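# Reading the structure
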Amino acid sequence: MPFNRKHLLGLEELAAEEITTILDTADTFKEISERPIKKVPALRGKTIANVFYENSTRTRISFELAEKRLSADTVSFSKTGSSVSKGETLRDTVENIRAMKVDMVVMRHGSSGAHRFLANFLDASIVNAGDGQHEHPTQGLLDMMTMRQHLGHLGGRNVTIIGDIMHSRVARSNIWGLTKVGAKVTVCGPSTMMPAEIESLGEGGVTVEYDIRKAIAGADAINILRIQLERQKARLFPSMREYFEVFGVTPEVLESAPEHCIVMHPGPMNRGVEIAQEVADGDRAVILEQVTNGVAVRMAVLFLVAGGSFESGTPE
Ligand code: CP
């Protein structure tokens, strides 16, 4: 299915076929990163601004690498050291970047909906690199790409998301993306971190299970979330030690999952809080594969949002 969108704001608004188009395109682009010269001219002449109002390691480096591998010109902005500290608003900051004739804005922002707000008045394409607790669509896509590589297909597969569901934009993008393509999602975590009406989120809803061993019993993939202390206004569990005892994924807990079940984490990990050291570094972990796939997914998103297609062949 052709991808005709100017922006990528979230997975909620995409059709299953559009998600599949992005994943198929990412599969094609993955090979470019294996070449001795990791560059194609697909976005030559395009200028992309990476605007990060929140900290990032993986997403920011991954977008920058994806842009360079597609031959785009890039500029980077972070809140620290910018005129935001002098009181400049988001709209003014981005209007000024636009005045420098930028074609695309990749943005991470702490406010849910910041990207939709900008998309209403900017000519440039907007790509969401994470907005508050709302969505992190490229993370959801790279998680789906990794699952598809290991499980063959996503339709009918069981995916369990464990942890701080309430504050997690990764959980929301996974739930929207996975349910749209027919996977079944179970969420597990402390009741204090379970958002209201979570059961009805996604296409057809999700299952809520508070016992971690039951939650992973039939799972094909487990996605473990970081406890986001920076987004919690009040302490939502008694202690890190108690959280680890009840919801930490340890080798003993993992025995309840089928043997083929893969272990994922979007990073950054809190080892010894939501995931045991032995699990993070164990045979089932595909966490660094997720990071590798992130570059291919971001190449695919930038290429498609810029209007690219393979009608005239794969970019050489
Ligand atoms: N997964 C993720 O978004 O990581 P960063 O915050 O390091 O970008």
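Refer to the structure printed above.
The paragraphs below set out a description of the structure included in this document. Sequence positions are assigned chain by chain, starting from 1 and proceeding in written order. For this predicted model, a pLDDT threshold of at least 70 governs which residues receive local features, and a threshold of 80 or more governs which side-chain atom pairs are given and counted, while totals over whole chains, interfaces and linings are taken from all residues. With hydrogens and water excluded, all non-hydrogen atoms of the structure serve as input to the side-chain values.

A word on the sheet that holds strand S2 (residues 73-78). Strands pair, by our definition, only if DSSP identifies at least two bridges between them. Runs of H or I in DSSP of at least four residues are treated as helices and runs of E of at least two as strands, each being numbered from the N terminus. Strand order in the open sheet formed by four strands is S2-S1-S3-S4, with parallel pairing between adjacent strands. The sheet is open, and its two borders are formed by S2 and strand S4 (125-131), each paired with just one other strand. Adjacent strand axes in the sheet meet at a mean angle of 15°, parallel and antiparallel pairs treated alike. When strand S3 (residues 104-109) meets S4, the two strands line up parallel, connected through five bridges. Bridge assignment links Met107 to a residue of S4, and that residue is Asn128. Helix axes use the C-alpha atoms of the stretch in contact, all axes being lines fitted to C-alpha atoms, and the angles between their N-to-C directions lie in the range 0 to 180 degrees.

Attention shifts here to the pairing of S3. Relative accessibility under 20% of the residue-type maximum defines a buried residue, over 50% an exposed one, and the middle range a partly exposed one, all with a 1.4 Å probe and only protein chains included. Counting buried positions along S3 gives six out of six residues, so the element sits mostly inside the fold. Burial of the side chains of S3 extends over both faces: Met104, Val106 and Arg108 are buried on one face and Val105, Met107 and His109 on the other. Remark: the S3/helix H4 (residues 114-119)/S4 crossover connection has right-handed handedness. Orient the strands so they point away from the viewer, and a crossover whose first-strand-to-second-strand path over the helix runs clockwise is right-handed.

Summary of the distance rule: residues count as near a molecule or strand when at least one heavy atom falls within 4 Å of that molecule or strand. Taken together, Ser56, Thr57, Arg58, Thr59, Arg108, His136, Gln139, Pro266 and Gly267 are the residues near the ligand. Whenever two N or O atoms come within 3.5 Å, that pair is a polar contact, provided that in protein one can donate a hydrogen and the other can accept it, and provided that, for residues adjacent in sequence, both atoms are side-chain atoms. At 3.0 Å, a side-chain N or O of Gln139 approaches a nitrogen atom of the ligand. Separating a nitrogen atom of the ligand from a backbone N or O atom of Gly267 is a distance of 3.3 Å. Considering the ligand on its own, with 250 Å² of exposed area, one finds that the protein chains cover 91% of that surface. Under the scheme applied here, ten amino acids are nonpolar (Ala, Val, Leu, Ile, Met, Phe, Trp, Tyr, Cys and Pro), four are charged (Asp, Glu, Lys and Arg), and all others, including Gly, are polar. Split into classes, the residues belonging to the shell around the ligand amount to one nonpolar, six polar and two charged. Working definition of accessibility: Shrake-Rupley area with a 1.4 Å probe, residue cover restricted to the visible protein chains.

Let us now look at the pairing of strand S5 (residues 158-162). In the case of a regular strand, side chains alternate between the two sheet surfaces. Along S5, four of the five residues are buried, which leaves the element largely enclosed by surrounding structure. As defined by bridge partners, S5 adjoins strand S6 (residues 184-188) across five bridges and the pair is classed as parallel. Looking at S6, one finds that Ile161 is bridged to Val187. Strand direction decides the pairing type here: S5 and strand S8 (residues 221-224), joined by four bridges, are parallel. Across the sheet, residue Ile162 finds its bridge partner in S8, namely Ile224.

In this section: the environment of Ala183. Secondary-structure assignment places Ala183 in the loop between helix H6 (169-180) and S6. Expressed as a C-alpha distance, the spacing of Ala183 and Ala276, which sit 93 residues apart in the sequence, is 27 Å. Once residues within four sequence positions are removed from consideration, Ala183 is found in contact with Leu154, Gly155, Gly156, Arg157 and Leu178. Contact between two residues is taken to exist if any of their heavy atoms lie within 4.5 Å; hydrogens are not considered.

So, about the environment of Ala196. Looking at the element boundaries, Ala196 is found in the loop between S6 and strand S7 (207-208). Among the residues examined, Ala196 registers a relative accessible area of 73% and is labelled exposed. For the pair Ala196 and Met166, spaced 30 residues apart in sequence, the C-alpha separation works out to 8.6 Å.

With that settled, consider the packing of helix H1 (residues 16-30) against helix H5 (residues 137-151). At a minimum axis separation of 10 Å, H1 and H5 run at an interaxial angle of 70°. Classed by the angle they form, the pair H1 and H5 counts as roughly perpendicular. Seen from H1, the contacting residues are Ile19, Thr20, Ile22, Leu23, Asp24, Ala26, Asp27 and Lys30; seen from H5, they are Leu141, Met144, Met145, Arg148 and Gln149. Among the residues forming the contact of H1 with H5, the class breakdown is seven nonpolar, two polar and four charged. In what follows, roughly perpendicular refers to angles from 65 to 115 degrees, roughly parallel to angles under 35, roughly antiparallel to angles over 145, and oblique to any angle outside these ranges.

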